[in-house]
Amino acid sequence: MPYTPIIGTLGYVLSTDGEQVLLIHRDARPDDEAFGKYNGLGGKLEANEDVASGMAREIQEEAGITVTRMELRGTISWPGFGKNGEDWLGFVFLVREWAGEPRMTNHEGTLHWIRIETLLAGGVPLWPGDRHFLPMVFDGEPRQFHGLMPYEGTSHPTDWSFVR
């Protein structure tokens, strides 16, 4: 059977000093599956949109800033991750430069600057699988990662593997 995932983007916006990352705390809607978790910015790709343009659009919509330099850090296939068991294919970006003043709230929650070391040490609640790939987003390794993280329901991944 062909793999027909929802295609999405996930971006981690660095502070100008490179010490912090802008995350959304999903605290606006108690019925949100991600309620209480912190995450990067992003969402679904729109029709007739490439992944880089989709990432830039999502960051503009969610944080009110304009991306001026980003790099693709990797991809992740999340079979079974969606609310109804849909498959997702995510493109993970690191946003190194941007313009504007980030807003601190949107329809999904509040945005916070979190120290990268705090994020990587588990200092904020995340999706359970994020701890597997987040170190590779920030490690400076020039090679991209390409991961597979199957889910059964939206609570926990059943496995994790990657190549670089």
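Cut-off values and rules
Throughout, residues of each chain are indexed from 1 in the direction in which the sequence is written. Totals for whole chains, interfaces and linings use every residue, but because this is a predicted model, local features are given only for residues with pLDDT of at least 70 and side-chain atom pairs only at 80 or more, for both listing and counting. Where side-chain values are given, they derive from all heavy atoms of the structure, hydrogens and water being excluded. What counts as a helix is a DSSP run of H or I of at least four residues, what counts as a strand is a run of E of at least two, and both are numbered from the N terminus. Every radius of gyration here is taken over C-alpha atoms, with the globule rule written as 2.2 Å times N^0.38, N being the number of residues. Each residue's exposure class comes from its accessible area (1.4 Å probe, protein chains only) as a fraction of the maximum for that residue type: buried when under 20%, exposed when over 50%, partly exposed otherwise. By definition, residues are in contact when any of their heavy atoms lie within 4.5 Å. Computed with a 1.4 Å probe, the accessible areas rest on the Shrake-Rupley method; for each residue, only the protein chains presented here act as cover. Within this scheme, the nonpolar core is defined by two criteria: the residues are buried Ala, Val, Leu, Ile, Met, Phe, Trp, Tyr or Cys, and they are joined through side-chain atoms within 4.5 Å. A pair is scored as a salt bridge if a Lys or Arg side-chain nitrogen falls within 4 Å of a carboxyl oxygen belonging to Asp or Glu. One bridge is not enough; two strands pair if DSSP finds at least two bridges between them.

A word on the overall build of the protein
Thinking step 1. A tally of helices and strands in the protein yields three helices and 10 strands.
Thinking step 2. From first element to last, N terminus to C terminus, the protein shows the α and β order β-β-β-β-α-β-β-β-β-α-α-β-β.
Thinking step 3. Here the C-alpha atoms of the protein give a radius of gyration of 15 Å, agreeing with the 15 Å that 2.2 N^0.38 yields for 164 residues.
Thinking step 4. With respect to the principal axes defined by its C-alpha atoms, the protein has extents near 45 × 40 × 35 Å.
Thinking step 5. Residue burial in the protein is summarised as follows: out of 164 residues, 46% are buried.
Thinking step 6. Within the protein, counting contacts between residues at least 6 apart in sequence, those at least 24 apart form 64% of the total.
Thinking step 7. Working note: accessible area of the protein is about 8300 Å², and carbon and sulfur atoms make up 52% of it.

What to know about the nonpolar core
Within soluble globular proteins, side chains that are nonpolar generally end up buried alongside one another.
Thinking step 1. One finds Tyr-12, Trp-78, Leu-119, Phe-133, Val-137 and Phe-138 to be the most contacted residues of the largest nonpolar core, which totals 28 residues.
Thinking step 2. At five residues, helix H3 (residues 130–138) tops the list of elements feeding residues into this core.
Thinking step 3. Once residues within four sequence positions are removed from consideration, Leu-119 is found in contact with Val-21, Leu-23, Ile-114, Val-124, Leu-126, Leu-134 and Phe-138.
Thinking step 4. With 14 residues, the next largest nonpolar core counts Leu-41, Ala-63, Val-67 and Leu-111 among its residues.

Regarding the environment of Gln-60
Thinking step 1. By secondary structure assignment, the location of Gln-60 is in helix H1 (residues 51–63).
Thinking step 2. Between the C-alpha atom of Gln-60 and that of Gly-100, which follows or precedes it by 40 residues, the distance is 9.7 Å.
Thinking step 3. For Gln-60, the residues in contact, after removing those within four places along its chain, are Ile-65, Thr-66 and Arg-103.

Considering the pattern of salt bridges
Thinking step 1. For the structure on display, the rule yields 13 salt bridges.
Thinking step 2. Note that Arg-57 is salt-bridged to Glu-46, the shortest N-O span being 3.4 Å. Of this pair, Arg-57 sits in helix H1 while Glu-46 is found in the loop between strand E4 (41–44) and H1, placing the two residues 11 residues apart along the sequence.
Thinking step 3. On the accessibility criterion, Arg-57 (16% relative accessible area) is buried.
Thinking step 4. Between Glu-97 and Arg-69 there is a salt bridge; the shortest N-O distance is 3.2 Å. Placement of Glu-97 in strand E6 (residues 88–99) and of Arg-69 in strand E5 (residues 66–78) is noted, with a sequence separation of 28 residues between them.
Thinking step 5. When its relative accessible area of 42% is taken as the criterion, Arg-69 is described as partly exposed.
Thinking step 6. The structure contains a network of salt bridges with shared partners spanning Glu-46, Glu-49, Arg-57, Glu-58 and Glu-61.

Points about the pairing of strand E9 (residues 145–148)
Thinking step 1. Along E9, the buried face is formed by Phe-145 and Gly-147; none of His-146 and Leu-148, which line the opposite face, is buried.
Thinking step 2. Both E5 and E9 contribute to a ladder of four bridges, which runs parallel. Within E9, the residue paired with Gly-74 across the bridge is Phe-145.
Thinking step 3. Here three bridges tie E9 to strand E10 (residues 161–163), and the two strands are oriented antiparallel to one another. The residue of E10 that forms the bridge with Gly-147 is Phe-162.

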